[in-house]
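Spelled out, the chains give:
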Amino acid sequence: MKRRQYFKKKTRKKWSKNVLLVMVALASAFVVSILSLRVYAQIAGAPPLTVPKASIFLDNQNNQIGDYYTDERRYWVAIDELSPYLIDATIAVEDKDFYEHGGFDYSRIAGALLADLKAGSKVQGASTLTQQYARNLFLTHEKTWTRKINEALYAYRLEIFYGKDEILEGYLNTVYYGHGMYGAEAASRYYFGKSSSDLTLAEAAMLAGIPKGPTYYSPLANEQKATERQQLILSLMESQGKITASEKERGVSEQLVYKSDEWIASKSIAPYFLDVVWAEASEILESQNLNISEGGWKIKTTLNQAHQQAAEQAVANHMPDSELQVGLVSMDPTTGFVTALVGGRDYGTSSFNRVTLAQRQPGSTIKPILYTAALEKGYTPMTFKDVSQTTFTYDNGRQTYTPKNVNGQFATHEMSLAQALAISDNVYAVKTLQDIGYPSFRNILERFQLNSTKSESPSIALGTIETSLYALTNAYNILAAGGESLHATTILSIENAKGQIVYEYEQPKNEQVVTEADAYIMTQMLTGIFDPVFSDYSPATGVSIRPKMTHTYAAKSGTTNSDQWMVGYSTHLTTGVWNGYDHGKNLSTQADNSTTKQVWIDFMEAVHKGLPNEEFVPPSTVEGVVIDIASGKIANEACPENQRLVYVKAEDVPEEKCSTYWFDSDWFNQESLENSWDSLLNWLPFELFKEPVQ
């Protein structure tokens, strides 16, 4: 008996010892695991919290006009800028012990494990907000044990290296709320048209219910299910002491108004313009060793929404029912700020920007640049040339070129520079190029930031060197600025995701591209395209839109087989319009050829409505003189029909007055001679020379 008890006692001791050893081993393993986990966490370091963020665009009055995002639309906001209701609602439904646990809710894990074992697969989750945040940042949403283990490891590292508020802020800025919206701010703007800081209790509870299943609980997808979940969350908030019973009742009874349609519509503001902004911002940030792909930028732009709306309306009113395309851009002549931009008929159909990316032949719109170079070489508005049909020889005599005018006609008399520009005479342009020389033309093109060429073909005087509408409009803007250098820009400032200003526009030091006198003289000549006094074998090129004008403009049109241009300015604004076909199809209809001027004048009149008409102010280095257009001499009562105020440099003021001579070529014909002879006889006091009275 004693022997049996002895062996039992010995067995119990051995068993107890084994159990103790196992427990010690398990405890040691647990401690080693914890230590190993800690060592792993320390070696791995803090997991990065960087996520893609949408960059937002503001107009020049700080109104949001759009955003740019890669895969996820997200606007990052600090936790103290979020509605407290949204924070409480999210914690109540997703993780009520968030501020107490260390990243894991063990009671929920145990319950989930039992459910999974019964089902034989991963069917129920027990993820805390920390674990969900880890999944949002680093993992997929597949239901596997491998993903769950990785999720736990990331969650542990997050809890070690970051505070609870940082984790909660990250979660609320990364969780998916449906309809492409990531983060509370994007969701709040999308569903309710307001910032997440302004959410009411009912709105916050509605949003907090969506991440459970955006397909099922979005109020736009299934309002009944979404409302049921919202009311469940309000009840949880009450039971957890986050709101009172009366607050809950107010939340339940509040009628929610959704603004998603307004939000979607607001995304279509000036999409071509925003593409230009993004490209310019990329260059600016790259110059500072910053990467625009980080996102989260707040970019204040130069866009004037009233100008943009006027541009889009002018395009809509005049574009024919065809495949004709359009480009329009307007710039401030005092700053170079781009105030409006339309890069095509429909961004949704084609995002190709015809203002900045298309390189086309500008035709006669290049002539003001050519003639500005001529002014530097001593030309005046009253420099006359023979513009009859002419054949030019070039390339050392190996080639010839015979320019034609748009209507196939030529003048039968000499013509001044001012008139040649007004009616767009092509012979005058080519003769001017040959006179001033190709190097001078090349030099001024480069000063005006336009493309140049080493080619010495006479045709480049007529705009065969390709350029963009953006560059050409900027060149005219330099003339509008009195010859001062301007660089078109779309950006006023850039802030990073932390609200720090990393770039702010500063007006560069002004440099004269051409003298103020030459710029002004050219401006005054460009007003001539609207003046019928210059009409000759062809009308002045702007007289067709003169009836719509209520302000003073300086402009030039241009035509090629496949392009129509109109670029010009007032004292307030410079605008360029182009029309053509994307694939070089020739312009063939009246609508093709008339659209450009109509779009230009309608836009200019719309943006100047209500503004006083301002004349271009002459510098002290020029003088105005009334000239007889036909002769280029000072006008008087002897030549009353074709007079115009012309500005020239002081040293170029004509001294000779116009007069009528018997043997002027236009006067000397039989009928005029007889009439003049009769007048002379009637004037003389000799009765014998007078005709007898019948």
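*Asks:* It is not clear to me how the state of the cysteines should be interpreted in this structure. Could you clarify?
*Replies:* Applying the stated criterion across every chain yields a total of 1 disulfide. Covalent S-S linkage joins C639 and C658, the inter-sulfur distance amounting to 1.5 Å. In this structure the cystine formed by C639 and C658 twists about its S-S bond by roughly -50°; its chirality is therefore left-handed. Of the two residues, C639 is situated in the loop between β15 (622-628) and β16 (643-649) and C658 in the loop between β16 and α22 (670-683); the sequence distance between them amounts to 19 residues.

*Asks:* Which parts of the structure should I look at to understand the sheet that holds strand β13 (residues 563-569)?
*Replies:* Strand pairing in a sheet takes place through backbone hydrogen bonds and is either antiparallel or parallel in direction. Read from one edge to the other, the open sheet built from 5 strands follows the order β5-β4-β14-β13-β12, with strand pairing classed as antiparallel. Edge positions in the open sheet fall to β5 (338-342) and β12 (554-559), since each of these has one partner strand only. Neighbour-to-neighbour, the strand axes of this sheet turn through a mean angle of 5°, independent of strand direction. Along the sheet face, helix α20 (residues 516-526) touches β12 and β13 and points at about 65° away from the line of β12.

*Asks:* Looking at this structure, how should I read the pattern of salt bridges?
*Replies:* It is possible for side chains of opposite charge to pair when their charged atoms get near one another. Applying the stated criterion to the full structure yields 14 salt bridges. The partner of D563 in a salt bridge is R360, with the nearest N and O atoms 2.8 Å apart. Of the two residues, D563 sits in strand β13 while R360 sits in the loop between β5 and α15 (367-376), which places them 203 residues apart along the sequence. Taking relative accessible area as the criterion, R360 reaches 12% and is therefore assigned buried. A salt bridge links K548 to D602; the nearest nitrogen and oxygen atoms lie 3.1 Å apart. Remark: D602 occurs in helix α21 (residues 590-608) and K548 occurs in the loop between α20 and β12; sequence separation between them is 54 residues.

*Asks:* Can you help me understand helix α11 (residues 245-253) in this one?
*Replies:* A turn of α-helix holds 3.6 residues, and therefore any two residues three or four places apart point the same way. Here α11 has its buried residues at E247, K248 and G251. Looking down the long axis of α11, one finds its buried residues gathered within 100° of arc, a one-sided arrangement. Residues of α11 that are exposed and point over 90 degrees away from its buried face: R250 and S253.

*Asks:* Is there a simple way to explain helix α19 (residues 469-480) in this structure?
*Replies:* Given a rise of 1.5 Å per residue, 12 residues ought to cover 16 Å, and the 16 Å separating the end C-alpha atoms of α19 matches this to within 8%. Judged by how many residues are buried, α19 sits mostly within the fold: 11 of 12 residues are covered. Of the residues one or two after α19, G482 is the one with positive phi, at around 75°.

*Asks:* Explanation requested: the side chain of H307 in the structure shown.
*Replies:* Take H307: it is sitting in helix α14 (residues 305-318). Within the structure, the side chain of H307 is placed 2.9 Å from the side chain of T339, a separation counted as a polar contact. When sequence neighbours within four positions are dropped, the list of residues in contact with H307 reads S330, T339, A340, L573, F603 and V607.

*Asks:* I keep staring at the side chain of K367 and nothing clicks. Help me out?
*Replies:* Note on placement: K367 falls in helix α15. Salt bridges are absent for the buried K367, whose nearest opposite-charge side chain, D425, sits at 6.8 Å. With sequence-adjacent residues up to four places away left out, K367 is seen in contact with L421, S424, D425, N426, A429, A461, L462 and K556.

*Asks:* Even after reading the chapter, I still don't get the sheet that holds strand β10 (residues 491-495), so can you show me in this structure?
*Replies:* The sheet built from 5 strands is open, its strands ordered β2-β1-β3-β10-β11 with mixed pairing. Two strands close off the open sheet at either side, each with one partner strand: β2 (64-68) and β11 (501-504). Strand-to-strand twist in this sheet, taken as the mean axis angle between neighbours without regard to direction, amounts to 15°. Relative to β2, strand β1 (residues 55-58) runs antiparallel, the two being bridged by 4 bridges. Residue F57 lies in a different strand from β2, and its bridge partner there is G66. The strands touched by helix α13 (residues 271-287) are β1, β2, β3 (298-301), β10 and β11; relative to β10, the strand with the most contacts, the crossing angle is about 60°.

*Asks:* Would you take a moment to explain the environment of D275 for this structure?
*Replies:* With respect to the helices, strands and loops of the structure, D275 is situated in helix α13. Note on D275: relative accessible area 31%, which makes it partly exposed. Separated by 78 residues in sequence, D275 and N353 place their C-alpha atoms 8.4 Å apart. Look past the residues within four positions of D275 in its chain and what remains in contact with it is Y347 and S351. Within the structure, D275 has its side chain in polar contact with the side chain of Y347 (distance 2.7 Å).

*Asks:* Sorry, what's going on with the packing of aromatic side chains here?
*Replies:* Any aromatic ring pair is given by two values, namely how distant the centres are and how the planes are angled relative to each other. Enumeration according to the criterion identifies 13 aromatic pairs in this entry. Measuring from centroid to centroid gives 4.7 Å for Y176 and Y182, while their planes differ by 35°, and the two rings are tilted. The class for Y176 is partly exposed, based on a relative accessible area of 31%. An aromatic cluster of three or more residues is present, and its members are Y190, Y191, F192 and Y258. The ring of F98 has K164 lying over it, and the distance from NZ or CZ to the ring centre is 4.5 Å. In this arrangement the basic side chain of K585 is found over the ring face of Y581, its NZ or CZ atom lying 4.6 Å from the centre.

*Asks:* I would appreciate a short explanation of the pairing of β1 in the present structure.
*Replies:* Sheet faces and side chains relate simply in a regular strand, where the side chains alternate between the two faces. Neither face of β1 is exposed, since S55 and F57 on one face and I56 and L58 on the opposite face are all buried. A loop of 5 residues connects β1 with β2, the two strands running antiparallel in sequence, and N62 in this loop sits at a positive phi of about 70°. Two elements, β1 and β3, share 3 bridges in a ladder whose sense is parallel. By the bridge assignment for β3, I56 is matched with K298.

*Asks:* Is there a simple way to think about the packing of helix α7 (residues 184-192) against helix α8 (residues 201-209) in this case?
*Replies:* A packed helix pair is summarised by two numbers, namely the angle formed by the two axes and the spacing between the axes. α8 packs onto α7 with a crossing angle of 115° between their chain directions and a minimal axis gap of 11 Å. α8 is crossed by α7, and the crossing has right-handed handedness. Where α7 abuts α8, its residues A184, A187, S188, Y191 and F192 lie against E203, M206 and L207. Residue composition of the contact of α7 with α8, by class: 6 nonpolar, 1 polar and 1 charged.

*Asks:* Help me out: how do you make sense of the nonpolar core in this one?
*Replies:* As a rule of thumb, nonpolar side chains are buried together in soluble globular proteins. Counting 100 residues, the largest nonpolar core has I299, L341, F448, L450, Y470 and I494 as the members making the most contacts within it. No other element matches the 9 residues that α13 contributes to this core. Setting aside residues no more than four positions away along its own chain, I299 makes contact with I56, F57, L58, V277, W278, A281, I491, S493 and I494.

*Asks:* Help me understand unusual backbone geometry in this model?
*Replies:* Glycine aside, residues mostly have negative phi, and peptide bonds are mostly found in the trans state. Of note in the backbone geometry, A270 takes a positive phi value of approximately 45° without being a glycine. One can find A270 in the loop between α12 (260-266) and α13. Of note, the phi angle at N289 is positive, near 60°, even though the residue is not glycine. Among the residues examined, N289 registers a relative accessible area of 74% and is labelled exposed.

*Asks:* How should I be thinking about the pairing of β3 in this particular structure?
*Replies:* The two faces of β3 differ: I299 and T301 on one face are buried, but K298 and K300 on the other face are not. Sheet analysis places β3 next to β10, joined by 4 bridges and oriented antiparallel. Its bridge partner lying in β10, I299 is registered against I494.

Definitions and cut-offs
Residues numbered from 1 in each chain as written. Predicted model: local features only at pLDDT ≥ 70, side-chain atom pairs only at ≥ 80, totals over all residues. Heavy atoms only, no water. Disulfide = S-S within 2.5 Å. Helix = DSSP H or I, 4+ residues; strand = E, 2+ residues; numbered from the N terminus. Pairing = 2+ DSSP bridges. Axes fitted to C-alpha atoms, helices over the stretch in contact; angles between N-to-C directions. Contact = heavy atoms within 4.5 Å. Salt bridge = Lys/Arg side-chain N within 4 Å of Asp/Glu carboxyl O. Buried < 20%, exposed > 50% of the residue type's maximum accessible area, 1.4 Å probe, protein only. Arc of directions from axis to C-beta. Expected span 1.5 Å × (residues − 1). Polar contact = N/O pair within 3.5 Å; in protein donor to acceptor, adjacent residues only side chain to side chain. Lys, Arg positive; Asp, Glu negative; His and termini not counted. Phe/Tyr/Trp six-rings, centres within 6.5 Å; stacked < 30°, edge-to-face > 60°. Lys NZ or Arg CZ within 6 Å of the ring centre and 35° of its normal. Left-handed = near helix turned anticlockwise from the far one by under 90°. Nonpolar A, V, L, I, M, F, W, Y, C, P; charged D, E, K, R; others polar. Core = buried A, V, L, I, M, F, W, Y, C linked by side-chain atoms within 4.5 Å.

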